[in-house]
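Examination of the molecular architecture
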Amino acid sequence: MLEKIQETASYLKARIHTAPKTAVILGTGLGNLVDEITEKQEIPYQEIPNFPISTVEGHSGKLIFGKLGKKEIMAMQGRFHFYEGYSMKEVTFPVRVMRELGIQTLFVSNAAGGTNPTFKIGDLMIITDHINLFPEHPLRGKNIAYGPRFPDMSEAYDKQLIQKALDIANVQGITLRQGVYLGTQGPTFETPSEYRMFYRLGADAVGMSTVPEVIVAKHCGIRVFGISVITDLGVEGKIIEVSHEDVQLAADAAQPYMTTIMRELINSFQN
Ligand code: HPA
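Values in this document were obtained by computation on a predicted structure and should not be read as measured data.

1. Regarding the overall build of the chain
- Helix and strand counts for the chain stand at six helices and nine strands.
- The C-alpha atoms of the chain give a radius of gyration of 17 Å, which matches the 18 Å a tight globule of 271 residues would have.
- For the chain, the spread of C-alpha atoms along the principal axes amounts to about 55 × 40 × 35 Å.
- In the chain, the proportion of contacts linking residues at least 24 apart, taken out of those at least 6 apart, comes to 83%.

Written out as structure tokens, the structure reads:
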């Protein structure tokens, strides 16, 4: 495993002209951030040794190296979801490659169903913590010496970055919610009873990604900031049929705000 990660990282190091310390996973709601990256170098996943290949409609897969404002960044366009059939090792492989490339901070976005009754469709929610309900743990198996066998999760989402994001939102006049993201395998959206159960468990939003990548990032010593765009509501009395298209439309509407927060946040710190 470690050899594969290092082989992939060596391949990328030989190709890229930058040495970013910041990475972004361009999940739903953040696709347009790509247009703001300058001095772009794009590497399709197919060309990268050991990289899984993205399959879901609307998620083209490539790594993009370049600059966002003054900051050198690495962006993942297209992520690997557990529901697509990838193993947890595949889902989180790119994060381990990030660690080998020297990434110190990871930004993630996703689409999620809101279970908190005060939320509205189109809200942005800073992820303050998560609940991992995936059926397989991404760190199951032999421990890779990037981190301890039993990693601490008391601050999975960096409090300093959360505070900075709140300050930026305040200046920009953008309303941000905060809450707990519950990660579940999908690919079904939840039944009303499942949404209710997740809310009672402490979730403010539920989605099918992010948690595996965040766990592996934490294990590697990478600090994390995440935002969910609330694309539908799993709230009693407000539950309506939901489709992938509805999720995309709601995410597109919130995209400019999400992009602003991420751009400003990424440019607000040194490393
Ligand atoms: N549930 C799970 N994943 C999601 C949802 C949802 O309601 N909306 C967007 N991704």
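2. Observations regarding helix α1 (residues 2-15)
- The end-to-end C-alpha distance of α1 is 20 Å, a good match for the 20 Å that 14 residues give at a rise of 1.5 Å each.
- By the burial criterion, the buried members of α1 are Ile5, Thr8, Ala9 and Leu12. The arc that holds every buried residue of α1, seen down its axis, measures 100°, which confines them to one face. Those residues of α1 that are exposed and aimed more than 90 degrees away from the buried face are Glu3 and Ala14.
- Each element contacted by the buried residues of α1 is listed here: β2 (37-44), β3 (62-68) and α2 (88-101).

3. Here we look at a nonpolar patch on the surface
- On the surface, a cluster of nonpolar side chains totalling about 270 Å² of accessible area is made up of Leu133, Met197 and Leu201.
- Tracing the sequence through the fold places methionine 197 in helix α4 (residues 192-201).

4. Description of the pattern of salt bridges
- On inspection of all chains with the given rule, the structure shows eight salt bridges.
- For arginine 177, the salt bridge goes to aspartate 123, with nearest N and O atoms at 2.9 Å. Of the two residues, arginine 177 is situated in strand β7 (residues 176-183) and aspartate 123 in the loop between β5 (105-114) and β6 (124-132); the sequence distance between them amounts to 54 residues.
- With a relative accessible area of 12%, aspartate 123 lands in the buried category.
- By sharing partners, the salt bridges in this structure join Glu36, Arg263 and Glu264 into a single network.

5. Overview of the layout of surface pockets
- If you add up the space inside the largest pocket, you get close to 410 Å³.
- Along the walls of the largest pocket sit 23 residues, with Tyr83, Phe189, Met208, His244 and Val247 positioned nearest its centre.
- Listed by contribution, the elements that provide at least two residues to the lining of the largest pocket are β5, β8 (205-207), β9 (223-233) and α6 (244-266).
- At four residues, the largest contribution of residues to the lining of the largest pocket is made by β5.
- For the lining of the largest pocket, the residue count by class is nine nonpolar, eleven polar and three charged.

6. Focus on the packing of α2 against helix α5 (residues 211-220)
- In the contact formed by α2 and α5, the axes pass within 9 Å of each other and the chain directions differ by 40°. When the interaxial angle is binned, α2 and α5 end up oblique. Handedness of the crossing formed by α2 with α5: right-handed. Facing Met88, Val91, Thr92, Val95, Arg96 and Arg99 of α2, the residues of α5 in contact are Pro212, Glu213, Val216, Ala217 and Cys220.
- Split into classes, the residues belonging to the contact of α2 with α5 amount to seven nonpolar, one polar and three charged.

7. Quick word on the site of the ligand
- In the vicinity of the ligand, the contacting residues are Ala111, Ala112, Gly113, Phe189, Glu190, Tyr195, Val206, Gly207, Met208, Thr231, Asp232 and Val247.
- The separation between a nitrogen atom of the ligand and a polar main-chain atom of alanine 111 is 3.4 Å.
- Contacts to the ligand include glycine 113, whose backbone N or O atom sits 3.3 Å from a nitrogen atom.
- Contact with the protein chains hides 96% of the accessible area of the ligand, taken as 260 Å² for the molecule alone.

8. A short note on the nonpolar core
- Core analysis: the biggest nonpolar cluster contains 89 residues, and Leu63, Met98 and Phe225 have the highest contact counts within it.
- Sort the elements by how many residues they give to this core and α6 lands first, with eight residues.
- In this view, methionine 98 contacts Ala23, Ile25, Met74, Met76, Ile103, Leu106 and Ile222; residues no more than four positions away in its chain are not counted.

9. Here we look at the packing of helix α3 (residues 159-172) against α6
- Packing of α3 against α6 brings their axes to within 9 Å, and their N-to-C directions diverge by 120°. Relative to α6, α3 is oriented oblique. In terms of crossing hand, the pair formed by α3 and α6 is right-handed. On α6, the residues touching Leu161, Lys164, Ala165, Ile168, Ala169 and Gln172 of α3 are Thr260, Ile261, Glu264 and Leu265.

About the cut-offs
Residues numbered from 1 in each chain as written. Predicted model: local features only at pLDDT ≥ 70, side-chain atom pairs only at ≥ 80, totals over all residues. Heavy atoms only, no water. Helix = DSSP H or I, 4+ residues; strand = E, 2+ residues; numbered from the N terminus. Rg over C-alpha atoms; globule rule 2.2 N^0.38 Å. Contact = heavy atoms within 4.5 Å. Expected span 1.5 Å × (residues − 1). Buried < 20%, exposed > 50% of the residue type's maximum accessible area, 1.4 Å probe, protein only. Arc of directions from axis to C-beta. Patch = residues over 30% accessible without salt bridge, like charges linked within 9 Å, V, L, I, M, F, W, Y side chains within 5 Å. Areas by Shrake-Rupley, 256 points an atom, 1.4 Å probe, with all protein chains shown as cover. Salt bridge = Lys/Arg side-chain N within 4 Å of Asp/Glu carboxyl O. 1 Å grid on protein atoms, 1.4 Å probe; cavity = no way out; pocket = protein on both sides within 12 Å on 5 of 7 lines; lining within 4 Å. Points joined across faces, edges and corners; volume = space filled by probe spheres on them. Nonpolar A, V, L, I, M, F, W, Y, C, P; charged D, E, K, R; others polar. Axes fitted to C-alpha atoms, helices over the stretch in contact; angles between N-to-C directions. Parallel < 35°, antiparallel > 145°, perpendicular 65-115°, else oblique. Left-handed = near helix turned anticlockwise from the far one by under 90°. Near = heavy atom within 4 Å. Polar contact = N/O pair within 3.5 Å; in protein donor to acceptor, adjacent residues only side chain to side chain. Core = buried A, V, L, I, M, F, W, Y, C linked by side-chain atoms within 4.5 Å.

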